[in-house]
Amino acid sequence: MALNRPRFGAGGNSDGFYAAGYKSSLDACEYLYRMGLSAYEYECTHGVRISDAFCASMRKTAQALDMGLSIHAPYYINLASQDEAIREKSVQHLLKSLRAAEKMGADRVVFHPGAVGDLPREQALESAAMLLEDIVTLADREGLLDAVYLCPETMGKKGQLGTLGEVLRLCEVAESVRPTVDFAHIHALTGGGLQRREDFEHILHKIERRLGEDVVDRLHIHFSPIEYTKAGERRHRILAEKEFGPDFELLADILAEQGWKPTVICESAGTQDVDAVTFQQIYDAACRDHVR
Ligand SMILES: [Zn+2]
């Protein structure tokens, strides 16, 4: 479903969700909706183990409340692995995620491309792109990509495949592959490289040039404060810890100016719901600045 403004939402269930007495993710959409949010990323990070009834129920609630849904596929995916068994498992994890997304009415499956391993980086990337091509062919045969995009994510650690350039290369495999831009991961990987408005602009324009305006307009974004070391990401933090970047205001200003309508999923550690509300407030303020 296309909203005429960005969607803001949470990845997984927050501390507040559980503190309010909720246990099932089937209540997440309504919980986030009541907070004024409009997106939910359901996390299958430890495997896709959900029933058809679960998917149908999630779909019904999300549709009734006009919530945008995405699925985060299992962490075990490694498209660059040279181990045949791991490659086959990665294929199955993605196909299962796509089937669940289709049943749920989620239009994006987010996944981590994999580890660089012992191969030269460029070779690992090409190996991942080839396997992704096979996955797209298999998924197409089941009609799974008619309404769902496969969204490889930019990663925060040096040993992982998933620099912005690498993710864009994977997106060239097929029209149905589009990026998930995790700005926290980019910030961590570049040693705090997102400091100025231009740093964000550079990323967004690069995506626009390579994949077209429609992709950047409907971009899938992950955002949260992050702690990092020389090796990249250490862990996701929360907005209340002011010492951790990147600064959402810089991105919000560009989104407001361009009128782009991405989905912004907040991944703060435990406060992803309230921090998503803050992101939305920052965005609304940026819109007011651009009207004036
Ligand atoms: Zn992720």
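Fair warning: this is a prediction, and the values are worked out from it, not measured in the lab.

S.K.: For the coordination of the zinc ion, give the residues involved together with the corresponding values.
M.R.: Ligation of the zinc ion by protein atoms is provided by His-72 (NE2), His-112 (NE2) and Glu-153 (OE), these donors lying 2.2 Å from the ion. Counting residues between consecutive donors of the zinc ion along the chain gives the motif H-x39-H-x40-E. With His-112 in the loop between strand 4 (108-111) and strand 5 (114-115) and Glu-153 in the loop between strand 6 (149-152) and strand 7 (160-161), the pair connects residues that are 41 residues apart, well separated along the chain. Glu-153 matches His-112 in its accessibility class, with the two residues each being buried.

S.K.: Could you give an account of the pattern of salt bridges, naming the residues involved and the relevant values?
M.R.: Applying the stated criterion across every chain yields a total of 19 salt bridges. Residues Glu-142 and Arg-99 are paired through a salt bridge, measuring 2.9 Å at the closest nitrogen-oxygen approach. In this pair, Glu-142 is assigned in the loop between helix 5 (121-141) and strand 6 and Arg-99 in helix 4 (residues 84-104), connecting sequence segments 43 residues apart. Residue classification places Arg-99 among the partly exposed residues on the basis of a relative accessible area of 26%. Notably, a salt bridge pairs Arg-196 with Asp-199, separated by 2.8 Å at the nearest N-O pair. Linked through salt bridges whose partners overlap, the residues forming this network are Arg-197, Glu-201, Asp-253 and Glu-257.

S.K.: So what's going on with the side chain of Ser-90? Residues and values would help.
M.R.: Tracing the backbone shows Ser-90 in helix 4. Those residues in contact with Ser-90 that lie beyond four places of it in its chain are Tyr-76, Ile-77, Asn-78 and Leu-79.

S.K.: How would you summarise the state of the cysteines if you had to cite specific residues and measurements?
M.R.: Evaluation of the coordinates by the stated rule reveals zero disulfides. Unpaired in this structure, Cys-29 has its nearest cysteine sulfur neighbour in Cys-55, at a distance of 12 Å. Left unpaired, Cys-55 is separated from the closest cysteine sulfur, that of Cys-44, by 8.1 Å. The class for Cys-55 is buried, based on a relative accessible area of 2%.

S.K.: Please provide a residue-by-residue account of the packing of helix 3 (residues 52-65) against helix 4, values included.
M.R.: Packing of helix 3 against helix 4 leaves a shortest axis separation of 7 Å and a crossing angle of 45 degrees. Between helix 3 and helix 4, the interaxial angle falls into the category oblique. Where helix 3 approaches helix 4, its residues Asp-52, Phe-54, Cys-55, Met-58 and Arg-59 are matched on the opposing element by Ala-100, Glu-102, Lys-103 and Met-104.

About the criteria used
Residues numbered from 1 in each chain as written. Predicted model: local features only at pLDDT ≥ 70, side-chain atom pairs only at ≥ 80, totals over all residues. Heavy atoms only, no water. Donors = N, O, S within 2.8 Å, 3.2 Å for Na, K, Ca; no water. Helix = DSSP H or I, 4+ residues; strand = E, 2+ residues; numbered from the N terminus. Buried < 20%, exposed > 50% of the residue type's maximum accessible area, 1.4 Å probe, protein only. Salt bridge = Lys/Arg side-chain N within 4 Å of Asp/Glu carboxyl O. Contact = heavy atoms within 4.5 Å. Disulfide = S-S within 2.5 Å. Axes fitted to C-alpha atoms, helices over the stretch in contact; angles between N-to-C directions. Parallel < 35°, antiparallel > 145°, perpendicular 65-115°, else oblique.

The values reported here are purely geometric and, on their own, carry no functional implication.
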